[in-house]
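The lines below spell out each chain.
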Amino acid sequence: MGTKWKVLVTETVGETGLDILKKAEDVELTEAYSLSADDLKKYIADVDGILTRSGTTMDAETIDAGKSLKVIGRAGVGVDNINIPAASRKGIIVINAPSGNTIAATELTFGCMLSVVRMIPQACASLQRCEWNRNKFTGCQLNGKRLLIIGLGRIGGNIAVRARAFGMEVIAYDPYITQKRADNLRVELVHSLEDGLSTADIVTVHTPLTKETKNMLNEDMLRVFKPGAYLINCARGGIVDEKAVTDALREGRLTAFGTDVYSSEPLTHDHPFLADDIKDRIVITPHIGANTHEAQSEVSRIAVENMLAVLRNQPYEHAVNL
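Residues numbered from 1 in each chain as written. Predicted model: local features only at pLDDT ≥ 70, side-chain atom pairs only at ≥ 80, totals over all residues. Heavy atoms only, no water.

Asks: Which residues make up the overall build of the protein chain, and what are the values?
Replies: Summing up its helical and strand segments, the protein chain has twelve helices and twelve strands in all. At 21 Å, the protein chain has a C-alpha radius of gyration in line with the 20 Å of a compact globule built from 322 residues. Projected onto its principal axes, the C-alpha coordinates of the protein chain cover approximately 70 × 50 × 30 Å. For the protein chain, the residues scored as buried account for 51% of the 322 residues in total. The contacts in the protein chain between residues at least 6 apart in sequence include a share of 63% that link residues at least 24 apart. When the accessible surface of the protein chain is summed, it comes to about 15600 Å², and 50% of that surface belongs to carbon and sulfur atoms. Charged side chains in the protein chain number 36 positive and 41 negative. The centres of these two groups are separated by 3 Å. (Helix = DSSP H or I, 4+ residues; strand = E, 2+ residues; numbered from the N terminus. Rg over C-alpha atoms; globule rule 2.2 N^0.38 Å. Buried < 20%, exposed > 50% of the residue type's maximum accessible area, 1.4 Å probe, protein only. Contact = heavy atoms within 4.5 Å. Areas by Shrake-Rupley, 256 points an atom, 1.4 Å probe, with all protein chains shown as cover. Lys, Arg positive; Asp, Glu negative; His and termini not counted. Charge placed at Lys NZ, Arg CZ, Asp CG, Glu CD.)

Asks: Residues and numbers for the environment of Arg253, please.
Replies: Residue placement: Arg253 occurs in the loop between helix H11 (242-250) and strand S11 (254-259). Non-local contacts of Arg253, meaning those with residues more than four positions away in its chain, are made with Glu219, Leu222, Arg223, Lys226, Pro227, Gly228, Ala229, Asp247 and Ala248. Of note is the side chain of Arg253, whose polar atom sits 2.8 Å from the side chain of Glu251. (Polar contact = N/O pair within 3.5 Å; in protein donor to acceptor, adjacent residues only side chain to side chain.)

Asks: I'd love a proper account of the nonpolar core, names of residues and values included.
Replies: Leu148, Ile150, Leu197, Leu217, Phe225, Leu231 and Val245 are the most contacted members of the largest nonpolar core, which has 31 residues in total. Breaking this core down by element, the ones donating at least two residues are strand S6 (146-150), strand S7 (169-173), helix H9 (193-199), strand S9 (202-205), helix H10 (219-222), strand S10 (229-233), H11 and S11. At four residues, H11 tops the list of elements feeding residues into this core. Contact partners of Leu148, with chain neighbours within four places excluded, come to Ile171, Ala172, Tyr173, Val190, Leu193, Gly196, Leu197, Ala200, Ile202, Val203 and Thr204. Formed by 28 residues, the second largest nonpolar core is a distinct cluster that contains Leu108, Cys140, Leu147 and Leu152. (Core = buried A, V, L, I, M, F, W, Y, C linked by side-chain atoms within 4.5 Å.)

Asks: Tell me about the sheet that holds strand S4 (residues 71-74), residues and numbers included.
Replies: Strands pair in a sheet through their backbones, by hydrogen bonds, and they do so in one of two ways: parallel or antiparallel. Read across the open sheet, the five strands follow the order S2-S1-S3-S4-S5; overall the sheet is parallel. Whereas interior strands pair on both sides, the edge strands pair on one side only; in this sheet they are strand S2 (27-31) and strand S5 (93-95). Taking the axes of each pair of neighbouring strands and ignoring which way they run, one obtains an average angle of 20° across the sheet. Alignment of strand S3 (residues 49-52) against S4, held across four bridges, turns out to be parallel. Directly across from Leu51, in S4, lies its bridge partner Gly73. (Pairing = 2+ DSSP bridges. Axes fitted to C-alpha atoms, helices over the stretch in contact; angles between N-to-C directions.)

Asks: Any chance you could break down the packing of aromatic side chains for me, citing the residues and the numbers?
Replies: In this structure the tally under the stated criterion is three aromatic pairs. Taking the centre distance of 5.3 Å and the plane angle of 10° together, the rings of Phe110 and Phe166 count as stacked. Of this pair, Phe110 sits in helix H5 (residues 102-118) while Phe166 sits in the loop between helix H7 (154-165) and S7, and the two are 56 residues apart along the sequence. (Phe/Tyr/Trp six-rings, centres within 6.5 Å; stacked < 30°, edge-to-face > 60°.)

Asks: Break down the sheet that holds S7 for me, citing the residues and quoting the values.
Replies: Strand order in the open sheet formed by seven strands is S8-S7-S6-S9-S10-S11-S12, with parallel pairing between adjacent strands. A strand with exactly one partner marks an edge of an open sheet, and here the two such strands are strand S8 (188-189) and strand S12 (282-284). Bridging between S6 and S9 involves four bridges; their strand directions are parallel. Opposite Ile149, over in S9, you have Thr204 as the bridge partner. Across the sheet, H7 touches S6, S7 and S9, and the angle it forms with S6 is around 170°.

Asks: Hey, could you go over the pattern of salt bridges for me, with residue numbers and the actual values?
Replies: Throughout the structure, instances matching the rule amount to 19 salt bridges. A salt bridge links Glu61 to Lys41; the nearest nitrogen and oxygen atoms lie 3.3 Å apart. With a gap of 20 residues between them, Glu61 in helix H3 (residues 60-65) and Lys41 in helix H2 (residues 37-44) connect regions that are remote in the sequence. Note that Glu298 and Arg301 form a salt bridge whose closest N and O atoms lie 2.7 Å from each other. Remark: Arg301 and Glu298 occur in helix H12 (residues 293-311); sequence separation between them is three residues, near one turn of the helix. For Glu298, a relative accessible area of 29% translates into the label partly exposed. Among the residues examined, Arg301 registers a relative accessible area of 26% and is labelled partly exposed. Through salt bridges with shared partners, a single network forms among Glu219, Arg223, Glu251 and Arg253. (Salt bridge = Lys/Arg side-chain N within 4 Å of Asp/Glu carboxyl O.)

This is the structure in structure tokens:
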């Protein structure tokens, strides 16, 4: 047999992708999870491809350690954990799977939205304490509320479709999308983020984390929000200023906040979102937006098939560089 490509998998990914790698006759597969930074550099030294999720840091030093590395596959959408410029300098192709977890992230966003407006987690915890205090959990309906979607890409577009099914009035802020896309989604585009924030009852974020979007919703922007609004972030940590959100909750400027993502993960015990005095106004989940069986199967398949295409010098999709 000819060349065998050495592929390293460093995190738990969907079995669909793993099965493809295991059955490929031209692949020598190594699975090594929970590696320290030093161990990762040792493992990566002679591999041709690496498949990761968000928990493996592919910084410049680690990428430089991959002397034979040709492709980095990310079984998911975000590539915040990968130093793209460092990979590009070495001619290493970075692959992700942008469409694989769209529905999972969309549905979690609505789960988060319903949880904050109806205080579902807090009501559940109260009942588990053998309390029966129905009046404490009087929330609001989504029907008739004005929803601002920041970022009208794949996930934002799916949010818009489902929000209209809830009877919501949908507006969006996204300077990079066309009027035609907004019209097709029956969404009103606002051309100023401030205008959208000042009139929305609920705001949900669906943008990548870039220099432009880092701390986009900071103290100043949070003071533009309609008083008593709700904020949801199931996109990327770092888009929302976490201290500023905590202050807005304490001061009652935000009624409630729901998030699945954080500027640094996992959370430490002193994280502002874990403060006892805001626990009845916040819903937090441990970055589970893509954690459905269906999504994990799909993102692993997309990432693996494109990784192998790169190694085999075949046409590939979803490269985020080069």
